[in-house]
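Structural overview for review
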Amino acid sequence: MTFFAEIWELLSSAKYMSMLFTGLGTTLVVSLFSAILGLFLGTLVALVAICPDSPLMKLPKIICKVYVTVIRGTPMALQLFIMMYAIFAIRGFPQEITAIIAFGINSGAYVSESIRGGILSVDIGQTEAGRALGLPYGVTLMKIVIPQAVKNVIPAIGNELIALIKETSIVSMIGMYDLTQAAKVIGAGNNMASYIVPMSVAACFYLAIVYTLSFGIKGIEKRLRAGDRR
Amino acid sequence: MKKIVSLILALTMVLGVAFALSSCADTEEIIVRTNAYFPPFEYYDGTEIVGVDVDIMELVGKKLGKKITWKDGDFGTIIDNVADGTMADCGAAGITITEARKEKVAFSNPYYTSIQYVIVPDGVSVATKTAGGVEYIVWEALAGKKIATQIDTTGWIYTDGEINATEEDEDYGYNGVLYGTGTSHVEMPDAQAAVDALGVTADVIIIDELPSKYLVENSSKSLKCYPLYYSGSDGEADAPVEEQYAICVTKGNDELLTAINEVLAELGEAKIQEMVMNHMGLNK
Amino acid sequence: MESKKIESTSEVLFSIKDLHKSFGNHEVLGGIDLDIHNGDQIAIIGPSGCGKSTFLRCINCMEDPTSGSIIFEGVDIADTSIDINVHRENIGMVFQQFNLFNNKTVIENIMLAPVYVRTKKLRRSSKSGDAPKLTKADIKKEERERAMALLRRIGLEDKADVYPSTLSGGQKQRVAIVRALAMNPKVILFDEPTSALDPEMVGEVLDLMKELAKEGMTMVIVTHEMGFAREVADRILFIDEGKIKEQGTPEDVFDHPKDPRLQEFLSKVL
């Protein structure tokens with residue numbers, strides 16, 4: 001059978017397609033919730049990182065620095081393993097939650113760096129003008145700096161989301177039934193007995209998700225930039 | 001927007017914890033670790049894990065009046081998970097009894113005797129021998145080949161030993177059959193990946209008998225498989241690489257171990273062989 | 001201090017005593033004493049890097065002084081334990097680079113701080129039990145009208161709803177000045193307000209500043225425009241090497257400079 005005939009065999013099989021869609025569901029759920037968690041953590045860490053130095057902020061700043069260093073310095077697969085088999089080695093703890101936490105924490109470290117960079121890229125004069133008018137630091141940050149930083153940050157965050165979605169494919173390692181696992185099962189001996197075709201189809205699924213997402217991000221970018229023609 | 005995000009987060013956490021607590025409270029459940037790429041013992045049918053081991057464990061569950069929950073994952077993590085006992089009570093994945101594994105977990109009585117097989121694709125020539133009507137391959141015949149195995153399986157352990165063991169190494173104290181022959185070891189995450197690697201990065205595969213037959217039967221590639229034998233020394237006959245499968249249980253969980261042994265005894269060799277044939281045949 | 005003191009009858013707004021500022025080991029300000037009275041128009045001149053901008057930025061604590069005191073309305077605002085924001089509401093500042101908020105329209109730039117400050121006070125008074133007389137919407141409406149009036153004054157009411165990026169440099173700086181005015185400050189600090197402007201736009205900004213001076217606004221201006229300083233200021237400070245080397249009326253400073261460094265400086269810029 002040729003490659004394309006096998007692709008057709010897969011696409012026209014209700015059973016295989018339902019397996020792929022079950023996997024797709026897991027991939028989307030894990031990606032979505034870990035992206036939300038990652039954005040939340042990343043923003044928090046970035047805000048702590050750019051806070052002016054003070055004795056009160058010393059410990060949080062150290063914690064955030066260690067967090068970013070450790071998470072960015074170790075492979076995602078190992079983080080997932082440690083989460084799964086050490087930290088959340090709780091009987092019956094749902095794997096989905098473990099995976100969401102592991103990916104959210106990982107994503108947060110990268111997102112925080114993007115956001116921090118975005119905030120720092122806003123001209124210091126903007127902060128000074130706000131402060132000189134008597135606006136407190138937090139208000140200046142929220143009303144003036146962050147809205148401008150968001151525009152600079154969106155492309156980097158988009159990149160991070162795309163990377164995150166593809167990275168979730170390693171949840172099949174801990175036995176979760178995601179898109180990659182579905183492709184493996186379809187490729188197993190009792191089904192198509194070759195990984196090549198189902199993996200190619202799964203790759204197209206990932207491509208479709210990522211393409212849709214980057215389309216959306218472009219749209220957001222465009223809308224945000226509409227306000228300031230330079 | 002911020003409120004929605006925090007709400008979703010909070011919900012996720014609450015659901016997670018609630019879910020965790022509810023499952024924690026459920027002691028009427030036996031969690032079984034496996035690696036569901038080992039047909040006919042365990043494999044996915046759609047999104048369900050099925051196979052000989054599943055059939056056996058369902059009978060154990062019925063005997064104890066408990067629910068059986070399957071957890072899939074890397075083969076290499078099964079023994080540690082079961083040894084630890086928090087995340088799994090037992091492991092059923094066509095696991096061969098070895099001394100090293102015995103130190104960590106308790107094994108049931110063996111329920112299946114397997115031998116290692118070699119999968120050889122068309123176009124790769126490996127010398128075979130015949131004795132007593134069985135055509136087989138001896139380790140020496142694989143010299144210089146790229147041998148694919150699934151990581152952490154016995155095929156992987158044996159191949160690693162035969163290629164790397166040296167007299168100087170205290171762990172071995174002998175030279176492996178393939179030591180110094182230029183044979184290389186291609187370590188794959190699962191059996192199907194090894195089949196896809198044939199003709200690309202691998203020449204042959206060493207894997208247990210039944211999965212080997214299963215893979216050969218179903219693959220679109222043109223494959224043959226032969227039993228793998230050790231050459232007999234000093235005029236002894238060549239002998240296959242035999243091993244025994246058993247179900248492993250967290251040490252100290254005697255209730256479960258006893259129940260498994262009872263089920264295995266009730267089934268008997270013939271019934272288990274029938275289950276094997278069912279799973280081999282149903283999926284042909 | 002060797003320069004003669006200038007007597008003024010009006011009330012002292014700022015009393016700056018022995019102000020020092022260092023960045024690391026580098027001392028930028030080496031002890032400055034100055035009284036600023038209500039209605040003063042002070043121009044600060046001096047060579048680049050003399051510390052005149054740093055001094056101006058210390059007055060509203062944009063740079064925290066290393067030592068010394070700045071008494072503003074009876075409070076030492078150099079003390080880091082006080083809430084500086086309350087005092088900054090009364091001290092306007094205009095920057096060399098305009099620093100209009102890029103994400104806000106022109107009118108929002110002007111309204112933002114007054115609305116914020118008044119809403120905050122409103123919240124406080126409602127907490128203390130007094131029935132609030134105004135809602136946030138009322139405040140916004142009022143401030144919008146005030147901002148429009150300010151824009152009308154500088155002839156930019158048609159630019160109210162555009163973003164600053166579409167304005168010329170001179171327009172930006174005039175908006176920045178009325179943004180400071182919108183807070184009804186007691187004093188406005190100008191940090192080289194015309195240095196970043198194209199020459200043809202300097203005039204419109206200086207004209208607006210002259211108007212403010214005529215109205216009696218207290219102003220402290222760091223500037224390179226000597227003609228403007230002479231025309232507008234009633235007092236000139238010459239700062240060099242982090243110290244006030246000479247001060248006096250424009251006539252004293254420009255026509256009869258005593259300090260040799262001032263004489264050298266004037267010979268270069270005039």
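Residues numbered from 1 in each chain as written. Chains lettered and ligands numbered in written order. Predicted model: local features only at pLDDT ≥ 70, side-chain atom pairs only at ≥ 80, totals over all residues. Heavy atoms only, no water.

Quick notes on the packing of aromatic side chains
What counts here: Working definition: a ring pair exists when centres of Phe, Tyr or Trp rings (six-membered ring for Trp) sit within 6.5 Å. Plane angles under 30 degrees give stacked, over 60 give edge-to-face, the rest tilted. Only DSSP runs of H or I covering at least 4 residues are called helices, and only runs of E covering at least 2 are called strands; the numbering of each starts at the N terminus. Between buried and exposed lies partly exposed: a residue is buried under 20% and exposed over 50% of the maximum accessible area for its type, with that area taken using a 1.4 Å probe on protein chains only. For a Lys NZ or an Arg CZ to count as sitting over a ring, it must be within 6 Å of the ring centre and within 35 degrees of the ring normal.
Taken as a whole and judged by the stated rule, the model has 18 aromatic pairs over all chains. Ring geometry for Trp139(B) versus Tyr230(B): centroids 5.9 Å apart, planes at 35 degrees, classification tilted. Of this pair, Trp139(B) sits in the loop between strand S10 (134-138) and strand S11 (146-150) while Tyr230(B) is found in strand S14 (residues 223-230), placing the two residues 91 residues apart along the sequence. On the basis of relative accessibility, which here comes to 29%, the residue Tyr230(B) falls in the partly exposed class. Of the aromatic side chains, those joined through ring pairs into one cluster are Phe38(B), Phe41(B), Tyr111(B), Tyr112(B) and Tyr245(B). Positioned over the ring face of Tyr37(B) is Lys184(A), at 5.4 Å from the centre of the ring. If you follow Arg179(C) out to its NZ or CZ, it ends over the ring of Phe101(C), 4.5 Å from the centre.

Points about the interface of chain B and chain A
Stated precisely, the cut-off is as follows: Contact criterion: two residues are considered in contact whenever any of their non-hydrogen atoms come within 4.5 Å of each other. Summed over both partners, buried area is the accessible surface (1.4 Å probe) that two parts give up on being assembled. Salt-bridge detection follows one rule: a side-chain nitrogen of Lys or Arg within 4 Å of a carboxyl oxygen of Asp or Glu. Between N or O atoms, a polar contact is any pair within 3.5 Å; within protein, one atom must be a potential hydrogen donor and the other a potential acceptor, and residues adjacent in sequence are included only when both atoms are from side chains.
Contacts between the two partners involve 39 residues from chain B and, on the opposite side, 36 residues from chain A. At the boundary of chain B with chain A, total buried surface from both sides reaches about 3,200 Å², with 62% on carbon and sulfur atoms. A per-residue breakdown of the area chain B buries against chain A is headed by Tyr37(B), Tyr44(B) and Met87(B), which together make up 17% of the total. Linking chain B with chain A are 3 salt bridges. Put simply, Asp89(B) and Arg91(A) hold a salt bridge, and the shortest N to O gap is 2.7 Å. Counting across the interface, chain B meets chain A through 10 residue pairs in polar contact (both at pLDDT 80 or more). At the level of elements, helix H1 (2-25), strand S1 (29-34), strand S3 (42-45), strand S5 (67-72), helix H6 (191-197) and helix H7 (209-218) of chain B are the ones that each hand at least two residues to the side of chain B that touches chain A. When residues of the side of chain B that touches chain A are assigned to their parent elements, the largest contribution, 11 residues, is made by H1(B).

Here's the deal with the side chain of Asp178(A)
Residue and element names in this part refer to chain A. This is how it is decided: Here Asp and Glu are counted as negative and Lys and Arg as positive; His is not counted, and neither are the chain ends.
Tracing the backbone shows aspartate 178 in the loop between helix H7 (137-167) and helix H8 (179-187). Here aspartate 178 occupies a buried position and makes no salt bridge, while the nearest side chain of opposite charge, lysine 184, is found at 8.0 Å. Within the structure, the side chain of aspartate 178 is placed 2.9 Å from the backbone nitrogen of glutamine 181, a separation counted as a polar contact. Residues within four places of aspartate 178 in sequence aside, it is in contact with Gly23, Thr26, Thr27, Thr168, Ser169, Val171, Ser172 and Tyr206.

Things to note about the pairing of strand S10 (residues 243-248) of chain C
Residue and element names in this part refer to chain C. Our working rule: Two strands pair if DSSP finds at least two bridges between them.
Taken together, the 5 bridges between strand S9 (residues 235-240) and S10 define a ladder with antiparallel strand orientation. Of the residues in S10, the one forming a bridge with isoleucine 236 is glycine 248. Counting the residues between successive antiparallel strands, the hairpin from S9 to S10 contains 2 residues, one of them, glutamate 241, with a positive phi of roughly 50 degrees.

Description of the interface of chain C and chain A
Counting from both sides, the interface comprises 22 residues of chain C and, opposite them, 21 residues of chain A. Taking both partners together, chain C and chain A bury about 2,000 Å²; carbon and sulfur atoms supply 58% of that area. Considering only the side of chain C, the residues that lose the most area to chain A are Phe101(C), Asn103(C) and Tyr116(C), jointly responsible for 26% of the buried surface there. Counting across the interface, chain C meets chain A through 1 salt bridge.

Details of a positive patch on the surface
Our working definition: Residues with no salt bridge and a relative accessible area higher than 30% make up the patches, which join like charges within 9 Å and nonpolar side chains (Val, Leu, Ile, Met, Phe, Trp, Tyr) within 5 Å. In this description, accessible areas are obtained by the Shrake-Rupley approach with a 1.4 Å probe, and a residue is regarded as covered only by the protein chains that are shown. All charge positions are set by atom: Lys at NZ, Arg at CZ, Asp at CG, Glu at CD.
Side chains of Lys143(A), Arg123(C), Arg124(C), Lys127(C), Lys136(C), Lys140(C) and Arg144(C) sit close together on the surface and give a patch of like positive charge. Where the positive patch is concerned, the elements lending two or more residues are helix H3 (106-127) and helix H4 (136-153) of chain C. Here Lys143(A) shows up in helix H7.

Quick word on the sheet that holds strand S4 (residues 67-72) of chain C
All names here are of chain C. Definition in use: Simply put, an axis is a line fit to the C-alpha atoms, just over the touching stretch for a helix, and the angle between two N-to-C directions goes from 0 to 180 degrees.
Taken in spatial order, the 4 strands of this open sheet run S2-S1-S4-S5, and their pairing is antiparallel. One side of each edge strand has no neighbouring strand; the edge strands of this open sheet are strand S2 (26-37) and strand S5 (75-76). When strand S1 (residues 12-23) meets S2, the two strands line up antiparallel, connected through 9 bridges. Bridged to valine 12 within S2 is histidine 37. Packing against the sheet, helix H1 (residues 52-59) makes contact with S1, S2 and S4, and its axis sits at approximately 125 degrees to S1.

Some points on the layout of surface pockets
How we decide: Points on a 1 Å grid over protein atoms alone make up a cavity when a 1.4 Å probe fits among them but cannot get out, and a pocket when they form an open set with protein on both sides within 12 Å along at least five of seven lines; lining residues each have an atom within 4 Å of a point. Grid points are joined across faces, edges and corners, and a volume is the space filled by probe spheres set on the points. Put simply, Ala, Val, Leu, Ile, Met, Phe, Trp, Tyr, Cys and Pro go in the nonpolar bin, Asp, Glu, Lys and Arg in the charged bin, and everything else, Gly too, in the polar bin.
Reported here for the second largest pocket is a volume of approximately 840 Å³. Looking at the second largest pocket, it is lined by 27 residues, and the ones nearest its centre are Pro52(A), Thr127(A), Arg131(A), Tyr137(A) and Met62(C). Looking at the lining of the second largest pocket, the elements that each hand over two or more residues are helix H5 (95-120), helix H6 (124-132) and H7 of chain A together with helix H2 (84-88) of chain C. The residue inventory of the lining of the second largest pocket, partitioned by class, reads 15 nonpolar, 3 polar and 9 charged.

Looking at the pairing of S1(C)
All names here are of chain C. Connecting S1 to the antiparallel partner S2 that follows it, the hairpin turn spans 2 residues, and glycine 24 within it adopts a positive phi of roughly 65 degrees. As defined by bridge partners, S1 adjoins S4 across 5 bridges and the pair is classed as antiparallel. Its bridge partner lying in S4, isoleucine 16 is registered against isoleucine 70.

Looking at the packing of helix H3 (residues 58-73) of chain A against H5(A)
All names here are of chain A. Quick note on the threshold: Here the word oblique covers every angle except those under 35 degrees (roughly parallel), over 145 (roughly antiparallel) and from 65 to 115 (roughly perpendicular). Helix crossings fall into two classes, left-handed where the near helix is turned counterclockwise from the far one by less than a right angle and right-handed where it is turned clockwise.
Relative to each other, H3 and H5 sit at 115 degrees, their axes nearing to 9 Å. One finds that H3 runs roughly perpendicular with respect to H5. Where H3 crosses over H5, the handedness of that crossing is left-handed. For the pair H3 and H5, the contacting residues are Tyr67, Val68, Ile71 and Arg72 in the first and Gly104, Ile105, Asn106, Gly108, Ala109, Tyr110, Ser112 and Glu113 in the second. Among the residues making up the contact of H3 with H5, the classes are represented as 6 nonpolar, 4 polar and 2 charged.

Section: the state of the cysteines
Put simply, the rule is: Working definition: a disulfide is two cysteine sulfur atoms within 2.5 Å of each other.
This structure, assessed with the given rule, holds 0 disulfides over all chains. Among the cysteines around Cys51(A), which has no disulfide bond, Cys64(A) carries the closest sulfur, lying 9.7 Å off. Distance from the sulfur of Cys50(C), which forms no disulfide, to the nearest cysteine sulfur (Cys58(C)) is 13 Å. Its relative accessible area of 4% is what places Cys50(C) among the buried residues.

What about the nonpolar core?
Defined as follows: As used here, the term nonpolar core means buried Ala, Val, Leu, Ile, Met, Phe, Trp, Tyr and Cys residues forming a set that is joined through side-chain atoms within 4.5 Å. An automatic or database domain assignment supplies the residue ranges for each domain.
Residues Leu10(A), Leu20(A), Ile56(B), Met57(B) and Tyr111(B) are the most contacted members of the largest nonpolar core, which totals 76 residues. Split by domain, the residues of this core number at least three in each of domain 1 (2-112 + 245-279) and domain 2 (114-243) of chain B. Excluding residues within four positions of it along the chain, Met57(B) makes contact with Val32(B), Ile68(B), Trp70(B), Cys90(B), Ala92(B), Ile247(B) and Ile260(B). Within the second largest apolar cluster, 44 residues are counted, among which are Cys50(C), Phe101(C), Val187(C) and Val220(C).

Some words on the arrangement of the chains
Ranking the 2 pairs of chains in contact by number of contacts places chains A and B first. The two units chain B and chain C remain apart, with a minimum C-alpha distance of 19 Å.

Some details on the pattern of salt bridges
Evaluation of the coordinates by the stated rule reveals 32 salt bridges over all chains. The partner of Arg72(A) in a salt bridge is Glu113(A), and the shortest N-O contact between them spans 3.7 Å. Here the residue Arg72(A) occupies a position in helix H3, and Glu113(A) occupies one in helix H5, the gap between them amounting to 41 residues. Between Glu63(C) and Arg57(C) there is a salt bridge, and its shortest N-O distance comes to 3.1 Å. Taken together, the shared-partner salt bridges in this structure form one network comprising Arg118(C), Glu142(C), Glu143(C) and Arg146(C).

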